[in-house]
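Now for the letters of each chain:
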Amino acid sequence: MQNRNNELYILAVAQCFTSMGFSIIFPFLPLYIGELNTITNLNKATLSGLVFSAQAVSMMMISPFWGAIADRYGKKPMVIRAMTGGAITIFMMGFVHTAEVLIALRILQGLLSGVVSATSALAVSISSEENKGYSLGLLQTGIGMGVSLGPLLGGVLADTFGFRSTFVITSVLLFLSGMTVLFFVKEEVVTPGKMSVHNRFIKQWKAIILNRKLSAAFGLRFINSIASTILLPVIPLFIETIIQKKEKTGTMTGLVLGSTSVASIIGSLILTRIGDKKGHHHLVLTGSILAAFFFIPQYFAHSLWVLVALNIGTGFCIGALTPSLSALLATNSPKGTEGSIYGLDNSVVSAGRAIAPLLAALVAVQLDYRAIFIVAAVMFILMAIATGNI
């Protein structure tokens, strides 16, 4: 058991560095697009939305396949595939010259990566039944720490060394994470039988659809994914409008996203304990309402520090939502289906992340950046209503 715990810690550290790597590019990706040429002559907000959506759409389509493969051939190879695949594609992004090529590489990244679902499935598969919640919480802490440090580090690196060198640094972090899992995490693969991957996946898909609790959890994950990521494509562009020193936009964006992620870690550590005692259903309901409460005032924010303070509030609430929804999935997942469950979960979350940037771009073009905060609040209100009706 001690060896298993050590492997979970190693997996959490690898997830931390992977999350840091992916989130390093968030603060400046919309700004990087502005420096690239464009073949289609689309505006910056639309191209930014497409860059964020492209990866999510391709990941949405491929994730169920990777999940089924994981259940048959092992979760560990899928974790290594996701980390090294992300390393290769992000490295290539540092050398593009047009926004359209960047979009194409983001599509490829979505097809090859999907780290969170892969590590979640591996963590659950190597954990005892009573230790699943702890394992997922440990992973979530690793994700939170990486997402906290990544944007701030990415903003500073981009402002200091330029955008392109930051992609190289990110790819190195992802590659090292993959090698860590390869050499230090072991997995005992249980062959599920002679049924083909396709037939086995279809059978599990039907079982999941008929499981009311799993279907409800997937629905909530979808709404949460849209509401939690809708700001990512436009937050650097919004911050650029409220600060004096435009050349520090990357650093200031990293500060906002980093402080939000720190609050998310704290919320996850404090509030999920309440969820274990009172029930995660109630925690999701309360967290959704409070997240909406913190999003609405951001519409009126004209100071960076007001924006930071309000984002700390939303981050604290979202920190409780993500592990609580994952816990609802874990407790209702039959043994041996972890790969398929988390593959489908990644597909659902990716669908939300695909819609969110396009919705953000539409709102920004038709209204303005501030209106996106109201849209996010409405999504969390819808999530609260859906949770209350389950």
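Reference entry: report on the structure contained in this document. Source: prediction; values computed, not measured.

This part covers unusual backbone geometry. We note that N41 has phi near 60°; this positive angle belongs to a residue other than glycine. With respect to the helices and strands, the residue N41 is situated in the loop between α2 (29-35) and α3 (44-73). For N41, a relative accessible area of 63% puts it in the exposed group.

The subject of this paragraph is the packing of helix α4 (residues 75-93) against helix α8 (residues 163-184). Where α4 meets α8, the closest approach of the two axes is 8 Å, and the angle between their N-to-C directions is 165°. By the angle between their axes, α4 is roughly antiparallel relative to α8. The chirality of how α4 crosses α8 is left-handed. Listed contacts from α8 to K76, V79, I80, M83, T84, G86, A87, I90, F91 and M93 of α4 are F167, V168, T170, S171, L174, F175, S177, G178, M179, V181 and L182.

Attention now goes to the packing of aromatic side chains. For the coordinates displayed, the defined rule picks out six aromatic pairs. Look at F238 and F373: their rings are 5.2 Å apart centre to centre, the planes differ by 75°, and that puts the pair in the edge-to-face class. Here F373 lies in helix α16 (residues 371-388) and F238 lies in helix α11 (residues 235-242), a separation of 135 residues in the sequence. Judged by its relative accessible area of 1%, F373 falls in the buried class. Ring centres of F293 and F294 lie 5.5 Å apart, and the angle between their planes is 80°; this geometry places the pair in the edge-to-face category. Assessed through its relative accessible area of 25%, F294 is described here as partly exposed.

So, how was this worked out
- Residues numbered from 1 in each chain as written.
- Predicted model: local features only at pLDDT ≥ 70, side-chain atom pairs only at ≥ 80, totals over all residues.
- Heavy atoms only, no water.
- Helix = DSSP H or I, 4+ residues; strand = E, 2+ residues; numbered from the N terminus.
- Buried < 20%, exposed > 50% of the residue type's maximum accessible area, 1.4 Å probe, protein only.
- Axes fitted to C-alpha atoms, helices over the stretch in contact; angles between N-to-C directions.
- Parallel < 35°, antiparallel > 145°, perpendicular 65-115°, else oblique.
- Left-handed = near helix turned anticlockwise from the far one by under 90°.
- Contact = heavy atoms within 4.5 Å.
- Phe/Tyr/Trp six-rings, centres within 6.5 Å; stacked < 30°, edge-to-face > 60°.

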